[in-house]
Each structure stands twice: as C-alpha cells, then as structure tokens.
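Each chain, written out:
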Amino acid sequence: YEFKFEGTAEAVSKYFATTNFDVELHDRHKRLFKYMTMPVLFLQGMHDPGQQPSEYARVHETVPTGRVEFIDAGHFFHLEQPEQTNEAILKFLREEVAAS
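Notes on the structure follow.

The rules behind these values
Residues numbered from 1 in each chain as written. Predicted model: local features only at pLDDT ≥ 70, side-chain atom pairs only at ≥ 80, totals over all residues. Heavy atoms only, no water. Core = buried A, V, L, I, M, F, W, Y, C linked by side-chain atoms within 4.5 Å. Buried < 20%, exposed > 50% of the residue type's maximum accessible area, 1.4 Å probe, protein only. Helix = DSSP H or I, 4+ residues; strand = E, 2+ residues; numbered from the N terminus. Contact = heavy atoms within 4.5 Å. Salt bridge = Lys/Arg side-chain N within 4 Å of Asp/Glu carboxyl O. Polar contact = N/O pair within 3.5 Å; in protein donor to acceptor, adjacent residues only side chain to side chain.

1. Section: the nonpolar core
Inference 1: With seven residues, the main nonpolar core is built from Leu41, Leu43, Ile71, Ala73, Phe77, Ala88 and Phe92.
Inference 2: If you list the elements that add at least two residues to this core, you get β1 (40–45) and α4 (82–99).
Inference 3: Setting aside anything within four residues of it in sequence, one finds Leu43 in contact with Glu69, Ile71, Phe77, Thr85, Ala88 and Ile89.

Following this line, the structure appears as structure tokens:
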C-alpha cells in the first residue's frame, strides 16, 4: 500500500542501502535524544510495522521534554490520517504557546 505514493520506492531503497532499523534505533536512544532539550512531539503510527509503538512508548525517560502521540495509522500516518495528524500538531503547539 505505502509504495503507491510517489518517491517511496526510491527513498526506501536508498535508506536500506545506508542503514538499518537496529542501527537507527540505537542511534536515536544513545545519541540523538539527549540533545533534544526543547519541547518535542513524537508522532508515531500505531500500526507501523517498521517502528513499533514500544520503541517510543517510554521516550519521555530519554527526552524529558518529549511526549508521544500515536496516530491510528501505519508508517505514513500523515497521509493515512491527515486530520488526526494535524490536530495532534496543533494541540501540541497550542499547549506550548500557552505554557510560555
């Protein structure tokens, strides 16, 4: 299904030629997340076979200013559920503006 979107096949083949999920996940948790000191909204597809919800469910322990919102969709949640995705982003931005 996801490969029907223009450019997906090319992007996926390039991605898999340069990395893999284990390397990427390790890099996020051991290196990248510690530099995230600003408010961060992690949006994840609830049914994403490549990035399981369990990989992000406890992200707040690594990124204290981060929170996760799961979208009822797969890997391309912004295409599958654009309204739910936009609402999650707007809610996050409203809350951050109100807090500042």
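2. Observations regarding the pattern of salt bridges
Inference 1: Overall, the coordinates contain three salt bridges when judged by the stated rule.
Inference 2: Here Glu61 makes a salt bridge to Arg58, at a shortest N to O gap of 3.0 Å.
Inference 3: Classification of Arg58 by relative accessible area gives exposed; the value is 56%.
Inference 4: Among the ionic pairs, Glu95 bridges to Arg67, the shortest N-O distance being 2.8 Å.

3. Some details on the environment of Glu96
Inference 1: When you line up the elements, Glu96 lands in helix α4.
Inference 2: The class for Glu96 is partly exposed, based on a relative accessible area of 28%.
Inference 3: C-alpha of Glu96 to C-alpha of Pro39: the two residues are 57 residues apart in sequence and 7.7 Å apart in space.

4. Remarks on the side chain of Asp48
Inference 1: With respect to the helices and strands, Asp48 occurs in the loop between β1 and β2 (66–71).
Inference 2: According to the relative accessible area criterion, Asp48 is buried, its value standing at 3%.
Inference 3: Here the side chain of Asp48 touches Gln51 through a polar contact of 3.2 Å, landing on its backbone nitrogen.
Inference 4: A polar side-chain atom of Asp48 sits 2.6 Å from a polar atom in the side chain of His75.

Everything listed here is a matter of coordinates, which is why it stays silent on function.
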